[in-house]
Amino acid sequence: MADIHIDIERMIMHSNYLLEVDNSSASNGLSDMERKQYLDQIKELVLTVQTLLDANIALGNKQKELQAEADRKIAGLQDQVDKLTGELQARRRKMHGKNNEKQTGDKSVNTGKTKDEEEGEYIENGCEQPSDSDDSDEVTDTEATNPKKDLSQRPDHYKTMKAEVLVVHDCDKDKLKAMGLEFIRYTRPVDQFDRISMTRQDRYLYAWVRDKDGNEFAFFVPKDEGVEQRACTFVDESKYDLPSMVPHTSSTSGMLSDLIVNRFQYAITSGREMYRMVNEKMRMSKSTIFNWLRHGAEFLENCQETIKQWLLKPGSTIYCDESWVDTKVTDANGEVHYKKRYMWVIVNLTTKVCYYLYGSRKKEVIKEFLGDFKGTLMTDAYAAYLYFNKLKDCTHVCCWSHVRRLFVSASRDYKDTLAQAFIDLIGILYKVEVENQVLGRTEKEIVKHRGEESLPVLHDLYQQATALLKQFGKNEIKLSAKLQQALTYMTKHWEELMAYTKIGSVLIDNNCCERAVRPFTNLRKNFGGFSSEQGARVTATFLTFVETCKLMAMAPLDFFRGFFDMIVAGRRDYALMTEALLVKPV
């Protein structure tokens, strides 16, 4: 196109030159009329060629515009393809099965967005805080109330519960008579259920012997005499002389504790628990298990105030996170459906306490719980937590693990090579934190080393991030959608991300709290959701003590057995009971 353009211009110039030469020549051998006709034809030819040249130039410019527009559209489509490919890669890692305990007859509606979805939208929108309407569609929840049951036709004993071993304890009528009491009749029998589980150890005392050939070896021969007198006690039978059931249940403290640990520590579903009971030749309905757990939680709730006081100890650091769950609710029209609810998880590593708080996503839930807490609070950095910056005498710190996660996604899912430099710099920050823990540095030493080693890296991170965003704004470089989100997320919350360097007692990330969220997400994966608000609160109560026991390095089963033993014994001084069973923080 360029060569043709040059040749045509050269031809026009040459023609104009010949015309000038011809006009200046006096002896050309043509008459005036012939000359005029000749010149008119040449001018018309030149005009035609000039018109063709102008049209060609206009067509070339139009083609350039169309090509540029096509390139822009292709680039835009390629960006969309890269973004969708990255999102697909990220979603594939989060996919899991959907096994739950929802009944097929339950009505279901749109339960709302999960926290991950809301956080993703917040990051994609450039970390712009949305209007405070996260629970504007809150449904007024009501608990189903059952009518009073007719107890006149109640059977003499449970037909749905039956254990393989039945021991009948008869009342001593002679002792009644000696006490001056007259026997009239037997009442409805009181059934008590206990689960006995233990590991038996047998120690065999081998003898080192020598045979007649002089060979020495170990050998064992069991005794035949006195086998009946050999001590082999599995349980203390005297403890069954009188009923010792947890109030409002037919369960001993041991069996109820076993059910609690199976469900809330090992995430065993009610269906699997039923199969286990079938193997033990035990018959029991799921509703009975749920009722026992509910009554046990009612006693345990009285200890939560003491746990909360330990959790919100002034001057300490707490880590907060939450996760969603579907819960069955009843709306004003009496229709039952599932709706998104949240389980807030708060961890205090200083006092070794973990607290689960069930409720909606509204800020008022956690705000009311924290009250006038004075200390350090670490969360992830998105809109729902921004109000923490305004809490009086409370320092809000943001988690670096969330920042790193975005850069890793940009590198791994979106194949953006520019993200690796930020991942490497954040890795240096974590190297300093590992050294702080390995070397056992004090809080003052941690602040000192963070100032000397971490602050230069943080300044480099911020400068590189702002420079890339500035170049991207001027269309000087190309960034993937995920890297844009990571850079915007980091720079907009820079003050909260820097705050950890000045507080020696706070960690660099919120991973300790996310680890505490995992037991609940395991429950959610196995159970699918809660059949009532009450069931969700029961779960929050039991998980609080299960995870607190783990932080205090004690077996949750021992705690529950000790607690319900005290309840059976008649104790109700819950604060003292909690301090006796758990290690009170100094």
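Our structure's up above, just so we're on the same page.
What comes next is a walk through the structure. Everything quoted here is computed from the prediction, not taken from an experiment.

### Looking at the overall build of the protein
Link 1 in the chain: Regarding its fold elements, the protein presents 18 helices and 8 strands.
Link 2 in the chain: Expressed as a percentage of the 586 residues in the protein, the buried residues total 39%.
Link 3 in the chain: Of the contacts made within the protein by residues no fewer than 6 positions apart, 71% connect residues no fewer than 24 positions apart.
Link 4 in the chain: Of the accessible surface of the protein, which amounts to about 35900 Å², a share of 53% is contributed by carbon and sulfur atoms.

### Some thoughts on the pattern of salt bridges
Link 1 in the chain: Going through the model one piece at a time under the given rule, you end up with 18 salt bridges.
Link 2 in the chain: With a shortest N-O distance of 3.8 Å, D258 and R276 are connected by a salt bridge. Highlighted residues: D258 in helix α5 (residues 253-264) and R276 in helix α6 (residues 270-279), separated in sequence by 18 residues.
Link 3 in the chain: Residue class for D258 comes out buried when judged on its relative accessible area of 11%.
Link 4 in the chain: R276 sits in the partly exposed class, given a relative accessible area of 26%.
Link 5 in the chain: One salt bridge in this structure joins E533 and R341, with 3.4 Å as the shortest N-O distance. Note that E533 is positioned in helix α16 (residues 533-551) and R341 in strand β4 (residues 336-348), a separation of 192 residues in sequence. Residues E533 and R341 agree in their burial class; the two are buried.
Link 6 in the chain: Salt bridges sharing partners connect three or more residues here, namely R195, D258, E273, R276 and E280.

### What to know about the pairing of strand β1 (residues 207-210)
Link 1 in the chain: Across 4 bridges, the pairing between β1 and strand β2 (residues 216-219) is antiparallel. Its bridge partner being in β2, A207 is matched across the sheet by F219.
Link 2 in the chain: Linkage of β1 to β2, two consecutive antiparallel strands, is achieved through a turn of 5 residues, within which G214 is found at a positive phi near 90 degrees.

### Describing the pairing of strand β6 (residues 375-379)
Put simply, side chains in a regular strand alternate between the two faces of the sheet.
Link 1 in the chain: The element β6 is extensively covered by neighbouring structure, given that 5 of its 5 residues are classed as buried.
Link 2 in the chain: When strand β3 (residues 317-330) meets β6, the two strands line up parallel, connected through 3 bridges. Note that in β6 the partner of T317 across the bridge is T376.
Link 3 in the chain: In this sheet, strand β7 (residues 394-398) lies alongside β6 in parallel orientation, the contact comprising 5 bridges. Bridging from a neighbouring strand, T379 pairs with C398 of β7.

### Some points on a nonpolar patch on the surface
Link 1 in the chain: Among the surface-exposed residues, F217, F219 and V221 lie close enough to one another that they form a single nonpolar patch of about 290 Å² accessible area.
Link 2 in the chain: Structurally, F217 can be placed in strand β2.

### A closer look at the environment of T350
Link 1 in the chain: The topology assignment puts T350 in the loop between β4 and β5 (353-359).
Link 2 in the chain: Measuring from C-alpha to C-alpha, the distance between T350 and P585 comes to 8.1 Å, with 235 residues separating the pair along the chain.

### Points about empty space enclosed by the protein
Rolled over the atoms, a probe with the dimensions of a water molecule shows which regions are left empty.
Link 1 in the chain: Enumeration according to the criterion identifies 1 cavity of 30 Å³ or more in this entry.
Link 2 in the chain: The computed volume of the largest cavity comes to approximately 40 Å³.
Link 3 in the chain: Together, L259, N262, R263, I268, T269, S270, E273, I289 and L293 line the largest cavity.
Link 4 in the chain: Elements supplying a minimum of two residues to the lining of the largest cavity: α5, α6 and α7 (286-300).

### Focus: helix α12 (residues 443-473)
Residues that lie three or four places apart on an α-helix share one face, since the helix turns once every 3.6 residues.
Link 1 in the chain: Its maximal kink placed at S454, α12 deviates by approximately 45 degrees, while the proline P456 follows within four residues.
Link 2 in the chain: Restricting attention to buried positions, one finds in α12 the residues I446, H449, R450, S454, V457, L458, L461, A465 and L468.
Link 3 in the chain: In this structure, the buried residues of α12 make contact with α10 (400-412), α11 (419-438), α13 (481-492) and α14 (494-498).
Link 4 in the chain: Positioned one or two residues after α12, N475 has a phi angle of 60 degrees, which is positive.

Calculation criteria
- Residues numbered from 1 in each chain as written.
- Predicted model: local features only at pLDDT ≥ 70, side-chain atom pairs only at ≥ 80, totals over all residues.
- Heavy atoms only, no water.
- Helix = DSSP H or I, 4+ residues; strand = E, 2+ residues; numbered from the N terminus.
- Buried < 20%, exposed > 50% of the residue type's maximum accessible area, 1.4 Å probe, protein only.
- Contact = heavy atoms within 4.5 Å.
- Areas by Shrake-Rupley, 256 points an atom, 1.4 Å probe, with all protein chains shown as cover.
- Salt bridge = Lys/Arg side-chain N within 4 Å of Asp/Glu carboxyl O.
- Pairing = 2+ DSSP bridges.
- Patch = residues over 30% accessible without salt bridge, like charges linked within 9 Å, V, L, I, M, F, W, Y side chains within 5 Å.
- 1 Å grid on protein atoms, 1.4 Å probe; cavity = no way out; pocket = protein on both sides within 12 Å on 5 of 7 lines; lining within 4 Å.
- Points joined across faces, edges and corners; volume = space filled by probe spheres on them.
- Bend = angle between axes of the 7 residues up to and from the residue.

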